[in-house]
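What the coordinates show
Listed below are the residues making up each chain.
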Amino acid sequence: MKRHAVVLLGRGGYSDAPKVQLAGLVKRLECTITDNLILGAFVDQATPSLPQALDECAESGARRILVVPVYVPDDRNLGAWILKLIKRWMANHAGEDVHVSVSRPLGDHEAIAEAVVQIASDPVSGDHVSQVVGLSDNGEPGWSVIPPHKYHLLQCRGPRCTARGSGDTWDHLNGRLQDEGMLDKDVLVAQTGCLYPCNLGPVMVVYPEGVWYCGMDRSAADRVVDEHFGKGQVVSDYARTPAPQAQRMPDPSS
Ligand code: FES
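Residues numbered from 1 in each chain as written. Predicted model: local features only at pLDDT ≥ 70, side-chain atom pairs only at ≥ 80, totals over all residues. Heavy atoms only, no water.

Attention now goes to the packing of aromatic side chains. By the definition in use, this model includes one aromatic pair. Aromatic side chains Tyr151 and Phe229 sit 5.1 Å apart centroid to centroid with 55 degrees between the ring planes, which places their arrangement in the tilted category. Of the two residues, Tyr151 sits in strand β5 (residues 151-156) while Phe229 sits in helix α7 (residues 218-231), which places them 78 residues apart along the sequence. The class for Phe229 is buried, based on a relative accessible area of 3%. (Phe/Tyr/Trp six-rings, centres within 6.5 Å; stacked < 30°, edge-to-face > 60°. Helix = DSSP H or I, 4+ residues; strand = E, 2+ residues; numbered from the N terminus. Buried < 20%, exposed > 50% of the residue type's maximum accessible area, 1.4 Å probe, protein only.)

Set out below in structure tokens:
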């Protein structure tokens, strides 16, 4: 059993590239620090989330966990929120003798500045970009198409919804839409950054009705696919309407 763990914390994106790159860093570290459990996690836009990675460390027996943010530039607000997220996770694991620490932002390390200086000082480094005469300002013609659709679904993949499990929920929801033949036909899916009411996350919004679905999980996603997209009926157990006062998380069991 490995008593120490390192979690490399990255930022996700719309393609698999961040996952591939982070997996490469994890592998490099595994070769160097062989007596630690090494995991990757994402602040947003991808899974596993940081709480999921911390759970995995604790379940495997690690008692000292170092979280290493591996993204630049640093966002101080995001850094402060990550500390809060870890404190909440530790409160849920009180009595387990698990200690978590967070390293300094990557951009604060002199080695990063040195690496940039080294790369920029090499006049022949980088891929050559060849000139193409007559290339239009626009890309492929497909990027000028607004696809016909019945519903527009905005899925939040901001940091707080990611920490609350939006990645797994949206993967499940999009899989259901794919299986039902609705994805990108009846339902045009767009993944977004923070939509604002983070305490109600995971959050998604369905247009044209403008229904805000809150506290989404797999079973809620199944109901939205079957009832809202399938039959045109809003799933009121999870639906919220914009209002000036704070709203409560859905509790479908009540
Ligand atoms: S992160 Fe999803 S609403 Fe803020």
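Alright, that's what it looks like, and here's the rest.
Per the domain assignment, the segments of the protein are domain 1 (4-117) and domain 2 (144-240). Its C-alpha centre places domain 1 at a distance of 28 Å from the equivalent point of domain 2. Contact residues are listed per partner, giving 13 residues for domain 1 and 10 residues for domain 2. By the criterion of area lost to domain 2, the three top residues of domain 1 are Gln45, Thr47 and Trp81, representing 48% of everything that side buries. Along the contact surface separating domain 1 from domain 2 lie zero salt bridges. Summed over the shared surface of domain 1 and domain 2, the number is three residue pairs in polar contact (both at pLDDT 80 or more). Taken together, the elements giving at least two residues each to the side of domain 1 that touches domain 2 come down to α2 (50-59) and α3 (76-91). The biggest single contributor to the side of domain 1 that touches domain 2 is α3, with three residues. Across the side of domain 1 that touches domain 2, the residue classes break down as eight nonpolar, four polar and one charged. (Domains from an automatic or database assignment. Contact = heavy atoms within 4.5 Å. Buried area = accessible area lost by both parts, 1.4 Å probe. Salt bridge = Lys/Arg side-chain N within 4 Å of Asp/Glu carboxyl O. Polar contact = N/O pair within 3.5 Å; in protein donor to acceptor, adjacent residues only side chain to side chain. Nonpolar A, V, L, I, M, F, W, Y, C, P; charged D, E, K, R; others polar.)

Moving on, we get to the sheet that holds strand β8 (residues 211-213). Adjacent strands of a sheet form backbone hydrogen bonds with each other and so pair up, either parallel or antiparallel. The strand order across the open sheet built from five strands is β6-β5-β7-β8-β9, with neighbouring strands paired in mixed fashion. Edge positions in the sheet fall to β6 (187-192) and β9 (239-240), since each has one partner strand and no second. Seen against the sheet, helix α6 (residues 166-179) touches β5, β6 and β7 (204-207) and runs at an angle of roughly 155 degrees to β5. (Pairing = 2+ DSSP bridges. Axes fitted to C-alpha atoms, helices over the stretch in contact; angles between N-to-C directions.)

Okay, the sheet that holds strand β4 (residues 99-102) next. Taken in spatial order, the four strands line up as β2-β1-β3-β4 in an open sheet, and their pairing is parallel. Two strands in the sheet have a free side with no partner beyond their single neighbour: β2 (36-42) and β4. The average angle at which neighbouring strand axes cross in this sheet is 20 degrees, direction not considered. In the sheet, strand β1 (residues 4-10) pairs with strand β3 (residues 64-69) via six bridges, with the strands oriented parallel. By the bridge assignment, Leu8 is partnered in β3 with Val68. Here α2 sits on the sheet and contacts β1, β2, β3 and β4; the angle it forms with β2, its principal contact strand, is near 165 degrees. Along the sheet, α3 contacts β1, β3 and β4; its crossing angle with β4, the most-contacted strand, is approximately 175 degrees.

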